[in-house]
Amino acid sequence: MKIINNLKEIKEKIASGEALIFYFSSKSCSVCQVLKPKIEQEIEKNFKKIDSYEIKSDENLDISSYFGVFQAPTILFYLDSKEFLREGRNISIGAFLDAIKRPYEMFYGE
């Protein structure tokens, strides 16, 4: 996961229409630290065309408020320049992966 902290750059990535994941984390969030590597591993293994980015909520309050993210962790999945899925706090990795699998396959024809 690449760290991103520029709202303009985030908007440009969304406008590209590609599949994106934005992972909002916080320094004080122990769940964020445990969940991030698991999500990264599964995305890299199963969804090779998804670009994933980490946004540190506590350091980027303007970005967090722009996206309406007020808890960590929160994961946003974008496809075709639209927010497709939003998961927060108590995230089931299996349920999250299942939720993005079908639209991802339809979009990329895999």
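Residues numbered from 1 in each chain as written. Predicted model: local features only at pLDDT ≥ 70, side-chain atom pairs only at ≥ 80, totals over all residues. Heavy atoms only, no water.

Engineer: I'm lost on the confidence of the model for the protein in this one. Help?
Structural biologist: Detailed reading of predicted coordinates is not advised where the pLDDT is low. When pLDDT is averaged along the protein, the result is 95, and 99% of the positions lie at 70 or above. Element-level mean pLDDT values for the protein span from 94 in helix 4 (residues 93–108) up to 98 in strand 2 (residues 20–25). (pLDDT = per-residue confidence, 0-100. Helix = DSSP H or I, 4+ residues; strand = E, 2+ residues; numbered from the N terminus.)

Engineer: Teacher, can you tell me more about the packing of aromatic side chains here?
Structural biologist: In this description, an aromatic ring pair is defined by two values, namely the gap between the centres and the angle between the planes. Summed over all chains, the structure comprises ten aromatic pairs. On the numbers, 6.4 Å between centres and 80 degrees between planes, the contact of F67 with Y78 is edge-to-face. In this pair, F67 sits in the loop between helix 3 (61–66) and strand 4 (74–79) while Y78 sits in strand 4, placing the two residues eleven residues apart along the sequence. Members of the aromatic cluster, each reached through a chain of ring pairs, are F22, F24, Y53, Y66, F67 and Y78. (Phe/Tyr/Trp six-rings, centres within 6.5 Å; stacked < 30°, edge-to-face > 60°.)

Engineer: How should the side chain of E54 be read in this particular structure?
Structural biologist: On the secondary structure map, E54 appears in strand 3 (residues 51–56). A distance of 2.7 Å separates polar atoms of two side chains, one belonging to E54 and the other to K36. Ignoring anything within four residues of it in the chain, the contact list for E54 reads M1, K2, I3, I4, Y23, S25 and K36. (Polar contact = N/O pair within 3.5 Å; in protein donor to acceptor, adjacent residues only side chain to side chain. Contact = heavy atoms within 4.5 Å.)

Engineer: Explanation requested: the state of the cysteines in the structure shown.
Structural biologist: Two cysteines, two sulfur atoms, one covalent bond between them: this is a disulfide. Here the structure, examined in full by the defined rule, presents one disulfide. There is a disulfide in this structure between C29 and C32, and the S-S distance comes to 2.4 Å. Classification of the bridge connecting C29 and C32 rests on its S-S torsion, roughly 90 degrees, and on that basis the disulfide is right-handed. Residues C29 and C32 agree in their burial class; the two are buried. (Disulfide = S-S within 2.5 Å. Buried < 20%, exposed > 50% of the residue type's maximum accessible area, 1.4 Å probe, protein only.)

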